[in-house]
Amino acid sequence: MPDGTRIIPVHYQEGIAQIIPATGSASLHAAATADALAVLTADWRPGDLAPTLAIP
């Protein structure tokens, strides 16, 4: 997304947040199994750090 911010579900594996692959356009399964949400800005690239929002 060139000019936007994405909110991506992630889960922690060995202390590292891993993006949960989406299986569909809504991907409720990914959201339901997430440990947190990563906030990816337009300039984010794989391997960059990103802030996360914990899901209670």
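Check the entry above for the structure.
Residues numbered from 1 in each chain as written. Predicted model: local features only at pLDDT ≥ 70, side-chain atom pairs only at ≥ 80, totals over all residues. Heavy atoms only, no water.

**Comments concerning the overall build of the protein**
Counting secondary structure elements, the protein contains one helix and four strands. Taking all 56 residues of the protein together, 21% fall into the buried category. Within the protein, contacts between residues at least 6 apart in sequence are counted, and of these 46% link residues at least 24 apart. For the protein, the accessible area works out to roughly 4200 Å², and carbon and sulfur atoms hold 60% of it. (Helix = DSSP H or I, 4+ residues; strand = E, 2+ residues; numbered from the N terminus. Buried < 20%, exposed > 50% of the residue type's maximum accessible area, 1.4 Å probe, protein only. Contact = heavy atoms within 4.5 Å. Areas by Shrake-Rupley, 256 points an atom, 1.4 Å probe, with all protein chains shown as cover.)

**Details of the nonpolar core**
If you look at the biggest cluster of nonpolar residues, it comprises six residues: Ile 8, Val 10, Ala 36, Ala 38, Leu 40 and Trp 44. Of all the elements in the fold, those that place two or more residues in this core are β1 (6–13) and β3 (36–40). Per-element accounting of this core gives the leading share, three residues, to β3. Apart from the residues lying within four places of it in its own chain, the contact partners of Ala 36 are Ile 8, Pro 9, Val 10, Tyr 12, Thr 52, Leu 53, Ala 54 and Ile 55. (Core = buried A, V, L, I, M, F, W, Y, C linked by side-chain atoms within 4.5 Å.)

**Quick word on the sheet that holds β1**
If you walk across this open sheet you meet the four strands as β2-β1-β3-β4, and the pairing is antiparallel. Here the strands that pair on one side only, and so sit at the sheet edges, are β2 (16–19) and β4 (52–54). Strand-to-strand, the axes of this sheet are offset by a mean angle of 40°, without reference to chain direction. One ladder, built from five bridges, connects β1 with β3; its direction is antiparallel. Residue pairing across strands places Val 10 opposite Ala 36, the latter belonging to β3. (Pairing = 2+ DSSP bridges. Axes fitted to C-alpha atoms, helices over the stretch in contact; angles between N-to-C directions.)

**Considerations on unusual backbone geometry**
Here Glu 14, not a glycine, exhibits a phi torsion of approximately 55°, which is positive. Relative to the helices and strands, Glu 14 is located in the loop between β1 and β2. Residue class for Glu 14 comes out exposed when judged on its relative accessible area of 78%.

**Details of the pairing of β3**
Covered by surrounding structure in β3 are Ala 36, Ala 38 and Leu 40 only, the residues Leu 37 and Val 39 on the alternate face being uncovered. Here three bridges tie β3 to β4, and the two strands are oriented antiparallel to one another. Bridge pairing in β4 places Leu 37 opposite Leu 53.

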